[in-house]
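Letter by letter, the chains look like this.
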Amino acid sequence: MATNQQKGWDEFYQHPDAFGAPYPELNNFLEKLEQKRALLDLGCGQGRNSLLALKLGFQVTGVDYSAIGVDTMVTKSNHQIEGVVEDIYNYNPSNTFQVILLDAVIHCQEEDRAKEINMFKKLLSSLENEGFLLIITHQWDMRETYLKETIEKEFPQLKYQFNKHLEHFYFPPLAEEEHIMEMSFMCFKYQKND
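Keep in mind that this is a model prediction, so the values were computed, not measured.

(A) Spotlight on the overall build of the chain. Within the chain, the regular secondary structure consists of 6 helices and 7 strands. Secondary structure of the chain in N-to-C order comes out as α-α-β-α-β-α-β-β-α-β-α-β-β. Taken against the 2.2 N^0.38 rule, which gives 16 Å for 194 residues, the C-alpha radius of gyration of the chain at 16 Å falls within 12% of a compact globule. If you line up the chain on its principal axes, its C-alpha atoms span 50 × 35 × 35 Å. Residue pairs in contact within the chain that sit at least 24 positions apart in sequence constitute 67% of those at least 6 positions apart. As presented, the chain carries roughly 10,100 Å² of accessible surface, and 46% of it is formed by carbon and sulfur atoms.

Laid out in structure tokens, this is it:
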């Protein structure tokens, strides 16, 4: 049975390109990777990042609990993207991924800490050695500090690479003017043997 939150996202994703175009900074990062293997997009929504990754040559799996969002992504990809309708915190990856992306789904609140750490544990077991965990959050210094400290303490195999500030402009559904989201784009590299 769908929750009110799921119903809300299903309604939101009835509108095409609800969150606008992919981030140019994400495009640049993914484009520069010499080899492009498997990418997991958690909280993929309508697939704006998944479709970008597919276009760049990745084999893509997108996970979201909005069936409408996932169906939109799979259809736009001509069924080249594996779409999974699942809560990202319950999802158990069965493959190994070169890149795992979480875009605007980590809340970095103390009440979410245990479930976020548990999710990171599952993800780490599915991340290739020398693979990348990419986390994009709404910019807030506390979130950046929380993520860096949590990952450094709980997952020392994930080595901090960078944090870039993003300004994302888009027209939300039914809005009359363009919105801007201030985002942080954080990258961690998995080094299994350290």
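(B) Helix α6 (residues 141-154), seen in detail. Helix length check: α6, at 14 residues, gives a terminal C-alpha distance of 20 Å against a target of 20 Å (1.5 Å per residue), a fit within 8%. By the burial criterion, the buried members of α6 are Arg 143, Glu 144, Tyr 146, Leu 147, Thr 150 and Ile 151. Axial view of α6: buried residues confined to an arc of 160°, hence all on one face. Seen from the open side of α6, the exposed residues pointing more than 90 degrees away from its buried face are Asp 141, Glu 149, Glu 152 and Lys 153.

(C) Structural view of the packing of aromatic side chains. Tallied over the entire structure, the rule returns 12 aromatic pairs. Centroid distance Phe 29 to Phe 185: 6.2 Å. Interplanar angle 85°. Geometry classified as edge-to-face. Residue Phe 29 is found in helix α2 (residues 24-32), and its partner Phe 185 is found in strand β7 (residues 179-190); the two are separated by 156 residues along the sequence. By the burial criterion, Phe 29 is buried, and Phe 185 matches it.

(D) Inspection of unusual backbone geometry at higher detail. Although it is not a glycine, His 79 sits at a positive phi angle of roughly 65°. By secondary structure assignment, the location of His 79 is in the loop between α4 (67-76) and β3 (82-85). For Cys 108, which is not a glycine, the phi torsion comes out positive at approximately 60°. The residue Cys 108 is located in the loop between β4 (97-103) and α5 (113-124) in this model.

(E) The pairing of β7, seen in detail. Pairing between strand β5 (residues 127-138) and β7: 7 bridges, direction antiparallel. Counterpart to Ile 136 in the pairing with β7 is Phe 185. Relative to β7, strand β6 (residues 158-170) is paired through 12 bridges, and the arrangement is antiparallel. The residue bridging His 168 from the neighbouring strand is Met 181, located in β7.

Reading the values: the criteria
- Residues numbered from 1 in each chain as written.
- Predicted model: local features only at pLDDT ≥ 70, side-chain atom pairs only at ≥ 80, totals over all residues.
- Heavy atoms only, no water.
- Helix = DSSP H or I, 4+ residues; strand = E, 2+ residues; numbered from the N terminus.
- Rg over C-alpha atoms; globule rule 2.2 N^0.38 Å.
- Contact = heavy atoms within 4.5 Å.
- Areas by Shrake-Rupley, 256 points an atom, 1.4 Å probe, with all protein chains shown as cover.
- Expected span 1.5 Å × (residues − 1).
- Buried < 20%, exposed > 50% of the residue type's maximum accessible area, 1.4 Å probe, protein only.
- Arc of directions from axis to C-beta.
- Phe/Tyr/Trp six-rings, centres within 6.5 Å; stacked < 30°, edge-to-face > 60°.
- Pairing = 2+ DSSP bridges.

Purely spatial values, then, with no claim about function.
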